[in-house]
Amino acid sequence: MPPHADATSASRKTAAERKLVTVLFADIVASSALVSERDPEEADEILRSVIQVMTASVVRYQGMVAQELGDGIMAMFGAPAAQEDHALRACLAAQDMLRAARVADGGADGGAAACSIRVGIASGEVVTQTVENAARHDQRAVGESVHLAAKLQQRADPDSVLISADTAALAGAGLSSREVGSLRLAAAARPVAYHELVEARSERRSALDILSGAPSRFVGRHAELATLTHAWREAAAGSGRVVVLRGEAGIGKSRLAGEFLDRHALEPASIVQWPQAPIRRLGEPDGLEAAAATLLALAGRRHAEGAAERVAEAAARGAGALAGCAIRDLLGLPVSDGLWKGLDPAQRLTFGIEGVAGALRDMARLCPIILLVEDTHWASGVMARLLDHLASVVAGSRVLLLVTRRPGDGGWEAPAEARVVSMDALGTAQISEFLDHWLGRDRSLEPLKARVSRQSQGVPLYLEESLRALETGGAIEGAPGAYRVLDADRVVNLPPTIHGLIASRIDTLAEEPRRTLLHAAVIGATFDAGLLTAVAPVGEAQLPSLLARLEAAGFLERARVLPNLEYRFRHALMQEVACNTLTRRERRGLHERILRALRRRSDRDLPGRTELLAHHAYQAENWDLAYAYGRAAGRRAEARSRLVEATRLYENGLSAIEKLAETRRNLQRRVDLGIALPRIYLPRGISDADTHLSRAAGLARQLSDSVRHARAASMMASFRWAHGALDEAVHLCREGLRSLGGSGENEIRIQLLVRLCGSLAEMGAFDEALAIARTVESITDVENPATHGMTASPNVGAMSLRARICAEMGMRDEAIRSGATAVDRAVASGHAFTQIFAQVHLGWSLSILGHHDRCIPAFDAALTLSDAIRSRLWVPLVQSGLGHAHAVLGNLAQAVELTERGFETYRANKFHPRINAPQMELWRTETLMLAGRTSEARNCVASALSAARQTRQSAHEQRALRLAERLARESLPA
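By the naming in an unreviewed UniProt entry, the protein goes by AAA family ATPase and is assigned to Azospirillum oleiclasticum.

The structure is reproduced here in structure tokens:
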């Protein structure tokens, strides 16, 4: 065996993780010509000198050289440790490479052999892993962005840098670039835009940048703003102050500072900025030199000429002659003082610090100064010394030192006497104000607002970026303050800006608490401490102390102590990023272990255990258990009118059963869930049910299962009723009843009878419909509020339909009595959608009978409940009915607005019952007539008549004809 065999076989691999990174490929142009006909050692020297330039540029910005490729390198920024500004770091490194490579020392004779390089950069998610052995150390990375960066490098011209559009977006304020083209990674792939790098600067968005860039609405923070204003008044009067805005990234520190500056912009004041950054571009002045340079603008406001001399003179007056010499030196002016020349560098630095502070104090005598120093957690050692000194001498001056920083160690910490303003997340009312201003106040936006509010948890940056992601992702469209929902349920990926920010914070943790946090995230946003012991990377004895550390560091907080100890992530997005850092393979294994632990627990000591079992069984790809628990949890959610949750659970259950063998039992299960899902879709206003129901009916026929076939026919009839295909709905109901024959399947029989009753009532066959409604009431148990597999309790549904039928037939007393009874039973059932159905039909019946003042409370109740459970089915009809009622009562402005909103909601969403369109058009016609808009009313009644004839709703057709005749008479000349 060769002597080196053992060394290369021993290796170490870290766990593979998903990371949002920026990948950089750089190579030497025409490297073959560069080394042609040279001695190998000389060729190596030439290439090595350029590779060293590339490597030094990567290391300068805390990147990692993953591989050396002979005449080039592959580097990564954001791995193995995440960086919130990885894209900007890569662009800065590329820029430095281009500048330095031109003068790289390449020849054996020591001469400077200039060469050209080209660079490609792309950002995106990769799976990364460190692989080490005695022979090499590699940082593996797999993902589309790796290939894209390589392609961009190949396409780049000599001495140029091409970057992906994602990199350009992530780099932010510090980048200038221009779009130059697009490419495809494969023939069938979508084209990817790319840019040419023009310039990269180590800059971040400051408070003044936010103000100049059309800032978002400023909400809340009144107490904090008052503190800043009070401190400014004191400073302007000659009692200088130090104020620290402390809060997590994205909490709004710069936004608050910008608002403060904007409100005092007209007062006599000078604003000086010393922004801090984690990186500094090659050749940029150091912190002290940059601070001194900012004073030139103050001294040169009236006369630019001689500004540097005036700053030096101010420093001498404020801190002594040698401090004035230090400022002259920092600003590039000649220094003739012999004493200065004899000072060592450390002494010169001290006088430089005193000079900057002294100049500020002196210049503030003429005009008070607000010195804004953002992100002092990144302050260098020199800058920290400068701020220490300035804070110690600011009293008695007209300087307000305003700094922002994140919690934790590092950078500059203010002295004890400084005023610290701790910034927390926005409250519920402030979030609502923000979302109303950004999105608008339309009711259809409420579910979306609730989702964004829950996800962002009051962090302004998360709010803004989530809303931008919704717009670019196609979930909403419109303009600020007037957006409308296109797809409320669309899943929008976490914006990369937020992902990088959160991931970099997670990666500041030591390995054990970090991995514990990642494993906890797999359990969920809220997790049981006992469950975590099943998957934690440490022993049970160590876990409490690690959780305490994570709690103290602001990652977690206690959610509950009894009956079980639960923690939750401080931010839902933190849990999302932590969980998605793990690879799917590792997550799957953790889900399996959690599933086993859950099965050993009981519902008594672990609330929500069934839902947890369903989730983790599905994620573990244990398909048998995923189906069983998914269906059980889905039924529980459906019974509680938690429609979105029920949809997800049923969809997961159906997906699971489709992965199992096609036994008779499994095919029956497919039928059951294929019917259950549309039952949830209907109240949510989702139209995509035909595929599920057709497959369910086909499988039932294949299995010769008459009961399941009748159940599928019943659900199909429900959708045909809603769509206005009344003949087909009646046929399906009668066919289903025939399929049942004399079987004892009372539940399905009740479903079919209720749907037959509703369809016949819409067709105007009121006598038959009323008889069926009374039959349903006789065979259902009034004391039992069960839904019998329907979206609403059939007993309540039949009574509600009876109320409306009686109203149409002029049976006033029975209509009102039936409607009130239905509402009472619905409320007693506690089932939300049943209550919505009852309130809608009570309001509708009262409207038909002319009790417009009494129908408004019923419609309002239906609307409130619909918002609460995210059910859109009845919303357009209710809004139109409310508008009509207000019109009759004389509230015309409100009436027209409500009616139009009803039609906007109807048109905006994918599915609303077409069967309701004629009634909505009739109410709208009467509303427009009362508002004096006769021409629009004529168009509207024509639409009502057409819609009623298409759906064969004879009662609505007759009503439309009467209104049309009335409009025609009113248009005749007197």
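Read on for the rest.
With that settled, consider the sheet that holds strand β13 (residues 399-405). If you walk across this open sheet you meet the five strands as β11-β12-β13-β10-β14, and the pairing is parallel. Of all the strands in the sheet, just β11 (270-273) and β14 (419-422) have a single pairing partner and so form its edges. Direction aside, the axes of adjacent strands within the sheet are offset by 20° on average. Where β11 meets strand β12 (residues 369-373), four bridges bridge the pair, whose relative direction is parallel. From the neighbouring strand, Val272 faces β12, where its bridge partner is Leu371.

As a further point, take the pairing of β12. In terms of burial, β12 is a largely internal element, five of the five residues being buried. Burial of the side chains of β12 extends over both faces: Ile369, Leu371 and Val373 are buried on one face and Ile370 and Leu372 on the other. Bridge count for β12 against β13 is five bridges, and the pairing is parallel. Within β13, the position partnered with Ile369 by the bridge is Val399.

Okay, the sheet that holds strand β17 (residues 526-528) next. Spatially, three strands are ordered β17-β19-β18 in an open sheet, and the strand pairing comes out antiparallel. Because the sheet does not close on itself, it has two edges, and the strands there are β17 and β18 (556-560). Across the sheet, the mean angle separating the axes of adjacent strands is 35° when strand polarity is ignored. Relative to strand β19 (residues 566-569), β18 runs antiparallel, the two being bridged by four bridges. Along β19, the bridge assignment pairs Arg560 with Glu566. In the packing of helix α20 (residues 511-523) onto the sheet, contacts are made with β17, β18 and β19, and the angle to β19 comes to roughly 100°. Packed on one face of the sheet, helix α22 (residues 543-552) meets β17, β18 and β19 and runs near 110° to β18.

Bringing the pattern of salt bridges into the picture now. With the rule as written, the count across this model stands at 60 salt bridges. A salt bridge links Arg804 to Glu762; its shortest N-O distance comes to 3.1 Å. Of the two residues, Arg804 sits in helix α34 (residues 794-808) while Glu762 sits in helix α32 (residues 746-763), which places them 42 residues apart along the sequence. A relative accessible area of 5% means that Arg804 is categorised as buried.

This part covers helix α31 (residues 726-740). Across its 15 residues, α31 extends 21 Å between first and last C-alpha, which sits within 8% of the 21 Å expected from 1.5 Å per residue. Against α30 (706-723), α32 and α41 (934-951) lie the buried residues of α31. Following α31 by one or two positions, Gly741 has its phi on the positive side, about 55°.

Working note: α-helix, 3.6 residues per turn, so residues spaced by three or four point in the same direction. Given a rise of 1.5 Å per residue, 13 residues ought to cover 18 Å, and the 19 Å separating the end C-alpha atoms of α20 matches this to within 8%. Across the 13 residues that make up α20, a large majority, 11, are buried. The complete set of buried residues in α20 reads Pro513, Arg514, Arg515, Thr516, Leu517, Leu518, His519, Ala520, Ala521, Val522 and Ile523. In the stretch just after α20, Gly524 is the one whose phi turns positive, near 150°.

Moving on to the confidence of the model for the protein. Summary statistics for the protein give a mean pLDDT of 87 and a share of 91% for residues scoring 70 or more. Long-range and interchain partners of residues 1-10, a stretch whose pLDDT sits below 50, account for eight contacts in this model, where long-range means more than four residues apart.

Another point: a negative patch on the surface. A surface patch of negative charge is lined by Asp39, Glu41, Asp44 and Glu45. Its place among the elements puts Asp39 in the loop between α2 (31-35) and α3 (40-60). Its relative accessible area of 44% is what places Asp39 among the partly exposed residues.

This brings us to the packing of aromatic side chains. If you walk through the whole model with that rule in mind, you get seven aromatic pairs. With 5.6 Å between their ring centres and 70° between their planes, Tyr618 and Trp623 make a pair best called edge-to-face. Comparing Tyr618 with Trp623, the two get one shared label, buried. Taken together, the ring pairs in this structure connect Phe527, Tyr567 and Phe569 into an aromatic cluster. The ring of Trp623 carries the charged tip of Lys659 above its face, separated from the ring centre by 4.8 Å.

With respect to the helices and strands, the residue Gly247 is situated in the loop between β10 (241-246) and α9 (253-263). Here the alpha-carbon distance between Gly247 and Gly758, two residues 511 residues apart in the chain, equals 58 Å. Once you skip the residues sitting within four places of it in the chain, Gly247 turns out to touch Lys253, Arg405, Arg406, Pro407 and Met423.

Below, the discussion takes up the side chain of Arg804. In terms of polar contacts, Arg804 uses its side chain to reach the side chain of Glu762, at 3.1 Å. Every residue in contact with Arg804, bar those within four places of it in the chain, is listed here: Glu762, His841, Trp844, Ser845, Ile848 and His956.

Bringing the pairing of strand β16 (residues 482-485) into the picture now. Here β16 shows a buried face lined by Tyr483 and Val485 and an unburied face lined by Ala482 and Arg484. Direction of pairing for strand β15 (residues 476-479) relative to β16: antiparallel, over a ladder of four bridges. Among the inter-strand pairings, Ile476 is bridged to a residue of β16, identified as Val485.

A word on unusual backbone geometry. Look at the link from Ala79 to Pro80: it is a cis peptide, with omega at 5°. Mapped onto the fold, Pro80 is located in the loop between β4 (72-77) and α4 (86-101). The step from Leu562 to Pro563 runs through a cis peptide bond, and the omega angle for that step is 0°. With respect to the helices, strands and loops of the structure, Pro563 is situated in the loop between β18 and β19. Of note in the backbone geometry, Gln62 takes a positive phi value of approximately 60° without being a glycine. You can see Gln62 is positioned in the loop between α3 and β3 (64-68). Gln62 sits in the partly exposed class, given a relative accessible area of 43%. The phi dihedral of Glu621 is positive, around 60°, even though this residue is not glycine.

Moving on: the packing of helix α26 (residues 623-639) against helix α28 (residues 664-684). It is at 12 Å that the axes of α26 and α28 come closest, and there the two elements cross at 30°. Comparing their axes, α28 and α26 come out roughly parallel. Judged by the sense of rotation from one axis to the other, the crossing of α26 with α28 is left-handed. Between α26, through Tyr627, Arg631 and Glu638, and α28, the contact on the second element is made entirely by Arg669, Asp672, Leu673, Arg679 and Ile680. Split by residue class, the contact of α26 with α28 holds three nonpolar, no polar and five charged.

Rules of the game
- The written sequence of each chain sets the order in which its residues are numbered from 1.
- This being a predicted model, a pLDDT of at least 70 is required before a residue's local features are given, and a value of 80 or more before pairs of side-chain atoms are given or counted; all residues contribute to the totals for chains, interfaces and linings.
- No hydrogens and no water enter the side-chain calculation; it runs on all heavy atoms of the structure.
- A pair of strands counts as paired when DSSP detects no fewer than two bridges linking them.
- Labels follow the DSSP assignment, with helices taken as runs of H or I lasting at least four residues and strands as runs of E lasting at least two, numbered in each case from the N terminus.
- Each axis is a line fitted through C-alpha atoms, taken for helices only over the stretch in contact, and angles between the N-to-C directions span 0 to 180 degrees.
- Exposure classes here rest on a 1.4 Å probe applied to the protein chains alone. A residue is buried below 20% of its type maximum, exposed above 50%, and partly exposed in between.
- Here a residue-residue contact requires only that any non-hydrogen atoms of the pair lie within 4.5 Å.
- Counted as salt bridges are all cases of a side-chain nitrogen of Lys or Arg within 4 Å of a carboxyl oxygen of Asp or Glu.
- Between the first and last residue of a helix there are one fewer steps than residues, each counted as 1.5 Å, and that sum is the expected span.
- Scored from 0 to 100, pLDDT records how confident the predictor is in each individual residue.
- Here a patch means residues that are over 30% exposed by relative accessible area and free of salt bridges, tied together within 9 Å if like-charged and within 5 Å if nonpolar (Val, Leu, Ile, Met, Phe, Trp, Tyr).
- Using a 1.4 Å probe, accessible areas were evaluated by the Shrake-Rupley method; residue-level cover was limited to the displayed protein chains.
- As used throughout, the charge tally considers Lys and Arg to be positive and Asp and Glu to be negative, leaving His and the chain termini uncounted.
- A charge is said to be at NZ when it belongs to Lys, at CZ for Arg, at CG for Asp and at CD for Glu.
- Aromatic contacts are taken between Phe, Tyr and Trp rings whose centres are within 6.5 Å, Trp giving its six-membered ring; a plane angle under 30 degrees counts as stacked, one over 60 as edge-to-face, and the others as tilted.
- Both a distance and an angle decide whether a charge sits over a ring: NZ of Lys or CZ of Arg must be within 6 Å of the ring centre and within 35 degrees of the ring normal.
- Under this definition, polar contacts are N or O atom pairs within 3.5 Å; protein pairs additionally need one hydrogen-donor-capable and one acceptor-capable atom, and for neighbouring residues in sequence, both atoms have to be side-chain atoms.
- Here roughly perpendicular refers to angles of 65 to 115 degrees, roughly parallel to angles under 35, roughly antiparallel to angles over 145, and oblique to all remaining angles.
- With the far helix as reference, a near helix turned anticlockwise by less than a right angle produces a left-handed crossing, and one turned clockwise produces a right-handed crossing.
- Each residue gets one label: Ala, Val, Leu, Ile, Met, Phe, Trp, Tyr, Cys and Pro are nonpolar, Asp, Glu, Lys and Arg are charged, and the others, such as Gly, are polar.

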